[in-house]
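# Fold and contact review
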Amino acid sequence: MDGFTHNSESIVVIGNYLPRKCGLATFTHDLCEALARELSSLEKVIAVAMDDIESGYKYPDRVKFEIREGVQADYLRAAEFLNVNQIDVAILQHEYGIFGGQSGAHVFHLLDNLRMPIITTLHTVLSRPAADQKAVIVELGNLSERLTVMTHKGKELLEAVYSIPENKITVIPHGIPDVPFVDSCYYKDQFGLERRKVILTFGLLGPDKGIEYMIDAMPEIVKKHPDAIYVVLGATHPHIVKSMGEKYRHGLQQRIQRLGLEKHVMFFNRFLDLQTLIQFLTTADVYVTPYLKKEQIVSGTLSYAMGAGKVVVSTPYWHAEEMLQDDRGILVPFKDADALSKAVIDLLSNDIKRNRMRKSAYQYCRSMIWKEVARSYITLINQCMEAQLEKPKPYILKLKPQKLDAIPEVNLNHLFVMTDDTGILQHACFSIPNPDHGYCLDDNARALIAASMNYHCQKNSQMMPLIIRYLSFMTHAFNEKNFRFRNFLSYDRRWLEEAGSEDAHGRALLALGYALRTITDVSVREMTFHLFIKGIRAVESFEAARPYAFTLIGIHHYLKVFAGDATVRKLRRTLSEKLHLAFKDNGSEKWPWLEDILTYANARLPHALILTGYDLQDKEMLDTGFRSLKWLLEIQTAAEGHLSIIGNDGWMRRDGERARFAQQPIEVMGLIEACADAFRITKNRQWLRDARRCFDWFMGKNDLNIPVYDFKTGGCHDGLESYGLNENMGAESTLSWLISLFTMYEMFGQEVLIKKEEKEESEVVLPAKETIYA
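The text that follows walks through the structure, step by step, so that each part is easy to find. (Residues numbered from 1 in each chain as written. Predicted model: local features only at pLDDT ≥ 70, side-chain atom pairs only at ≥ 80, totals over all residues. Heavy atoms only, no water.)

### Some remarks on the overall build of the protein
Across its full length, the protein carries 27 helices and 22 strands. On C-alpha atoms alone, the protein measures out to a radius of gyration of 29 Å, which is about the 28 Å that the 2.2 N^0.38 rule sets for 774 residues. Reported as C-alpha extents along the three principal axes, the dimensions of the protein are approximately 90 × 65 × 50 Å. Per-residue burial for the protein yields a buried fraction of 59% across its 774 residues. Looking at charge distribution, the protein has the averaged site of its 91 positive side-chain charges lying 5 Å from that of its 99 negative ones. (Helix = DSSP H or I, 4+ residues; strand = E, 2+ residues; numbered from the N terminus. Rg over C-alpha atoms; globule rule 2.2 N^0.38 Å. Buried < 20%, exposed > 50% of the residue type's maximum accessible area, 1.4 Å probe, protein only. Lys, Arg positive; Asp, Glu negative; His and termini not counted. Charge placed at Lys NZ, Arg CZ, Asp CG, Glu CD.)

### Topic: the pairing of strand β1 (residues 11–15)
In terms of residue burial, β1 counts as a mostly covered element, since 5 of its 5 residues are buried. Burial along β1 is two-sided: Ile11, Val13 and Gly15 facing one way and Val12 and Ile14 facing the other are all buried.

### Details of the side chain of Thr624
On the secondary structure map, Thr624 appears in helix α24 (residues 619–635). A polar contact is formed between the side chain of Thr624 and the side chain of His580, at a distance of 3.0 Å. A distance of 2.9 Å separates the side chain of Thr624 from the backbone oxygen of Glu620, its partner in a polar contact. Apart from residues lying up to four places away in sequence, Thr624 is in contact with His580, Phe583 and Leu609. (Polar contact = N/O pair within 3.5 Å; in protein donor to acceptor, adjacent residues only side chain to side chain. Contact = heavy atoms within 4.5 Å.)

### Overview of the nonpolar core
Ranked by size, the top nonpolar core spans 119 residues in total, and within it Leu415, Leu448, Met474, Leu579, Trp593, Leu598 and Leu671 carry the most contacts. Ignoring any residue separated from it by four or fewer positions in sequence, one finds Leu415 in contact with Ile424, Met463, Leu466, Tyr470, Leu735 and Leu738. (Core = buried A, V, L, I, M, F, W, Y, C linked by side-chain atoms within 4.5 Å.)

### Notes on the environment of Glu540
In this fold, Glu540 is placed in the loop between α20 (522–536) and α21 (545–559). Relative accessible area serves as the criterion here: at 48%, Glu540 is assigned to the partly exposed category. The spatial distance from the C-alpha of Glu540 to the C-alpha of Thr574 is 8.2 Å, given a sequence separation of 34 residues. Contacts of Glu540, omitting those with residues within four sequence positions, involve Leu571, Thr574 and Lys578.

Printed below as a string of structure tokens:
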């Protein structure tokens, strides 16, 4: 490519960045450095880094802005920062899991507001994406001038599965360092591997890497080649460490001991710098990727190994199939230790074949060195900038982020203040916890939901200790003698009853179901499962409607994990039919309600019918839920248009008598959550508008025109009274606020994903029958 020229000005690359320990961070760093070298200017290339921890990382000077993945406002501020600095082009590194929101939808708050052309590099392209995952890629295609993928298989999938036009897709391979073609013995003495035949795997360790199959292959290899050693190079992936610690690595080490392979398998549990990594790679006689997932579209480690002139034995995941064509390596079946051993033995026994393959691999990868990859990107950048000149991108500030600005940032201070070593305290005097009233199961169940939502949606690792604490409280609350949850615990830790109310029991099951669905930590999941199963036994004997509703919502979440549980499915059918029948027997056109009085937790009742009706494909039940929820919203709308909650100082009767005050935040939370699921199911944005109107009650659009949320403490006042604001900020109100806030953030993420599928009516497409357990 002699005489290569460029016209590019300033470039921003957005993604994870070193020293964050992951392959994407390494890729983003290496791409930035390669671009800067080709542009002969360090200043022309900057990075925006994604943070998965609140404190961020000690980034190099190239990183000019940091985005906390779960904080939506950061995405907007990043867009403003890049626009103000007049960046010419943005290159987004996209991978599921690095951006906040549903399937990473927060990133659209950034992309929607950038004034420069966008190039998006896709590191994962799924062949069978979930609906929201597909929507993300389609929207990225809409917002980007070009999508780049690293394999021809990725291009094929974008066209076939996502309907991305061919002229919008560019294949640019994964970049690799420029490594000389040297003998494997060159660096072996540096690592104590002289006179050994080295089989190598490197990369961040996790259960999907299939290392155990290569370990199982080693005894046969050692019989033929007693000097063989398998080196596993790399630290355990940080996300794996968070979720399961070093369980996988320890399991592998135990496997090595059982097979007597201590002298033939070696772990280097480190995240290596590039120079050391290349030296280690050079020592390999055979490189192995025994990965378990067919759908892996790109492997940086495979690219590095082949670029270093290593002969590769691999399972046939997509990238390996493409890279190892034409006798550039050997493919073996998945999970087949015998095939691995035979392939490795063959290569170690045949120097001519091994050297021919490694030379072929090295020559094939010369077009993948970072210098060539950077030039490909610069060519693409110039094309995109020329296209922008011909057809300028209009800049229109999107209304969605403006709405987002009115939603406060998450403030967890009061949650921490109200929580002690036992759990969350019930009440507060003003903002000061009041220990006189002790604790209750109801609040700790709500706290489990709030902490799980924050952990799941905003990836806040600070929540895990709280999740464990609230779950521990609920475990202690369960009375094994009668299989009922106790509710009230005094401050000196004495239970005040043998069994709590049916409502408290149902709320506990709701919380356990939600936590089970959203928290993947093994210990938490096992505990929630066993507690849910024990607690569900008592429900069928309950008689009140609200415990049914709480339980049904919990069952909805539980069955998202254990869909085949026949006992729970049967109970869902029984409870939902009883609840639905109560609505049909007592309701009328003007009073579509199951009782002659509206009291507390009203929104939970239609919410349960909506979720269960959708899951069971019961359109009548679903319509009853929608109708009663709409009615609840209508009768609680003031003439001025704001939400006016039915007060608990008298409630509302069928004859029209209604209490106006003692309006409580928990009722608003119930409406918001019900609207959120109605929106998710129907994709009708009226439910989003209704949820927003309910949320505004916290912000001051209420009967007293007073904010109920306290911006200073992060707490929420206990409600609206006839005399004004209830100044206390107890657990129930604060948790109702937090759950409402997290729900609104989730809804904005969902809105991004369905914005091209808006429906003006609540028309529901029920799922296919074969996917539903009734």
